[in-house]
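This is what each chain is made of:
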Amino acid sequence: MLDFLRQEGIDEGLIARIEEYRSSRPVAEEDRLRVPSPKFRYYGREIWQLAITALLSGENILLVGPKATGKNVFAENLSAVFGRPEWDISFYLNTDASTLIGTDTFRNGEVSFRKGPIYACAEAGGFGILDEINMAKNESLAVLHATLDFRRIIDVPGYSRISLDPATRFIATMNYGYAGTRELNEALASRFMVINMPVISGGDLEKLLLQQHPDLKPEAAAQLAALFGEIRKKCESSEISTKALDLRGLLAAVNLVKNGLSLREALNIAIINKSFDEFERTLVEDLVSARIDGALTKDDLFTGKAL
Ligand SMILES: Nc1ncnc2c1ncn2[C@@H]1O[C@H](COP(=O)(O)OP(=O)(O)OP(=O)(O)O)[C@@H](O)[C@H]1O
Ligand SMILES: [Mg+2]
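Keep in mind that what you see is a predicted model, and the values were worked out from it rather than measured. (Residues numbered from 1 in each chain as written. Chains lettered and ligands numbered in written order. Predicted model: local features only at pLDDT ≥ 70, side-chain atom pairs only at ≥ 80, totals over all residues. Heavy atoms only, no water.)

## Side note on the side chain of serine 275
Next, step 1: Considering the arrangement of structural elements, one finds serine 275 in the loop between α13 (263-270) and α14 (278-291).
Next, step 2: For serine 275, a relative accessible area of 2% puts it in the buried group.
Next, step 3: A polar contact is formed between the side chain of serine 275 and the side chain of glutamate 280, at a distance of 3.3 Å. (Helix = DSSP H or I, 4+ residues; strand = E, 2+ residues; numbered from the N terminus. Buried < 20%, exposed > 50% of the residue type's maximum accessible area, 1.4 Å probe, protein only. Polar contact = N/O pair within 3.5 Å; in protein donor to acceptor, adjacent residues only side chain to side chain.)

See below:
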């Protein structure tokens, strides 16, 4: 992973500090399996630099951005780069103190405390991914205030209060303004450094396509990245909504072609059909037809050589 950071052009000074961080904080044997080895890499030098610097400074970070901007991929990449065990915690409407911190349970006729993920993460010096944090009710998250600010503690009523292991960090993610989400209140937001996640750039998208499909022809990767760029421009000028600007869909379409669909069929179900509005759908169809020869199939897109 550190070699990947070098390829991405991350400052050597930062990389040296990550190495120092890793060697000064060994991971306990029982937590080793939690240190992720990511299948996908996150591309975006500036975002890497912001996040690494914030985490090295002891801050927690909040990744904000539209769908499929790589928030979860990036969070996992960060745990891997820092070599920390990861706890993935999905937030939902009914998330409350007991799901996060822990709760009393009966075991062998005795009451004991069952540790929740935040508690376990804090003891192990892990990275806690607070996924879709704005799905939960702000009131239920008040229990995290002391954990996320300078106090760095967890206070469990009726039990002892513990301090977070110094290596512990929290990385929250959120989509802004989507159905089911809430405004994050100021008190909570103030405990994070907020990083706005951009839609991937054309050059980085080509790299991503070739990383995920090493046998994709480079010219096909360039065409698909250009198509994505055009959809993005239409979104930016508000001619269409962001429904069709779906990187997950584009990546899936490449897979579908590998499995036998023509490129047009694949783009239909992976991207175009996501616009349910007839007018918008036609605009997206036109974009695709202008840029892509829909009859293209596997043999046209891939080199055929197993790499
Ligand atoms: N900058 C990027 N670098 C690498 N991969 C990216 C980038 N942006 C998006 N992706 C890809 O997009 C896909 C979706 O990523 P991920 O699930 O992390 O998105 P997300 O932001 O969490 O989306 P959502 O808000 O819908 O949960 C992955 O396949 C990921 O590799
Ligand atoms: Mg996500």
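## Regarding the domain arrangement of the chain
Next, step 1: For the chain, the assigned domains read domain 1 (2-196) and domain 2 (202-301).
Next, step 2: Spacing between the C-alpha centres of domain 1 and domain 2 amounts to 33 Å.
Next, step 3: Facing the eight residues of domain 1 at the interface are eleven residues of domain 2.
Next, step 4: The largest share of the area that domain 1 buries against domain 2 comes from Tyr43, Lys67 and Ala68, three residues that together contribute 68% of it.
Next, step 5: Ionic pairing is found between lysine 207 and glutamate 8, a salt bridge with its closest N-O pair at 3.0 Å.
Next, step 6: Across the contact surface, domain 1 and domain 2 share five residue pairs in polar contact (both at pLDDT 80 or more).
Next, step 7: Class assignment of the residues belonging to the side of domain 1 that touches domain 2 gives a composition of three nonpolar, one polar and four charged. (Domains from an automatic or database assignment. Contact = heavy atoms within 4.5 Å. Buried area = accessible area lost by both parts, 1.4 Å probe. Salt bridge = Lys/Arg side-chain N within 4 Å of Asp/Glu carboxyl O. Nonpolar A, V, L, I, M, F, W, Y, C, P; charged D, E, K, R; others polar.)

## A word on α14
Next, step 1: With 14 residues, α14 ought to run about 20 Å at 1.5 Å a step, and its terminal C-alpha atoms sit 20 Å apart, in line with that.
Next, step 2: Every buried residue of α14 is listed here: Glu280, Val284, Leu287 and Val288. For α14, the angular spread of the buried residues around the axis is 95 degrees, confining them to a single face. Away from its buried face, by an angle of more than 90 degrees, α14 presents the exposed residues Glu278, Phe279 and Ala290.
Next, step 3: Check the buried side of α14 and you find it contacts α11 (218-236) and α13.
Next, step 4: For α14, the N-terminal capping position is held by aspartate 277, with its side-chain oxygen 3.3 Å away from the main-chain nitrogen of phenylalanine 279. (Expected span 1.5 Å × (residues − 1). Arc of directions from axis to C-beta.)

## Some remarks on the pattern of salt bridges
Next, step 1: A full pass over the atoms with the stated rule returns 18 salt bridges.
Next, step 2: The shortest N-O distance in the salt bridge between glutamate 123 and lysine 115 comes to 3.0 Å.
Next, step 3: A relative accessible area of 41% places glutamate 123 in the partly exposed class.
Next, step 4: The class for lysine 115 is partly exposed, based on a relative accessible area of 44%.

## Comments concerning the site of ligand 1
Next, step 1: Ligand 1 sits among 18 residues. The nearest are Tyr43, Lys71, Asn72, Val73 and Arg248.
Next, step 2: In the model, an oxygen atom of ligand 1 is placed 2.9 Å from a nitrogen or oxygen of the arginine 248 side chain.
Next, step 3: Surface burial for ligand 1 is 91%, taken as the share of its 640 Å² of free accessible area covered by protein chains.
Next, step 4: Among the elements of the structure, α4 (71-82), α10 (202-212) and α12 (247-258) are those that each provide at least two residues to the shell around ligand 1.
Next, step 5: Looking at the shell around ligand 1 residue by residue, the class counts come to eight nonpolar, five polar and five charged.
Next, step 6: When residues of the shell around ligand 1 are sorted by domain, at least three fall in each of domain 1 (2-196) and domain 2 (202-301). (Near = heavy atom within 4 Å. Areas by Shrake-Rupley, 256 points an atom, 1.4 Å probe, with all protein chains shown as cover.)

## Digging into the packing of helix α2 (residues 12-24) against helix α3 (residues 45-56)
Next, step 1: Running from N to C, α2 and α3 point in directions that differ by 40 degrees, and their axes come no closer than 11 Å. As the angle between them shows, α2 and α3 are arranged oblique. Between α2 and α3 lies a crossing of left-handed hand. Between α2 and α3, the contacting residues are Leu14, Arg17, Ile18 and Tyr21 on the first element and Gln49, Ile52, Thr53 and Leu56 on the second.
Next, step 2: When the residues that make up the contact of α2 with α3 are grouped by side-chain class, the tally is five nonpolar, two polar and one charged. (Axes fitted to C-alpha atoms, helices over the stretch in contact; angles between N-to-C directions. Parallel < 35°, antiparallel > 145°, perpendicular 65-115°, else oblique. Left-handed = near helix turned anticlockwise from the far one by under 90°.)

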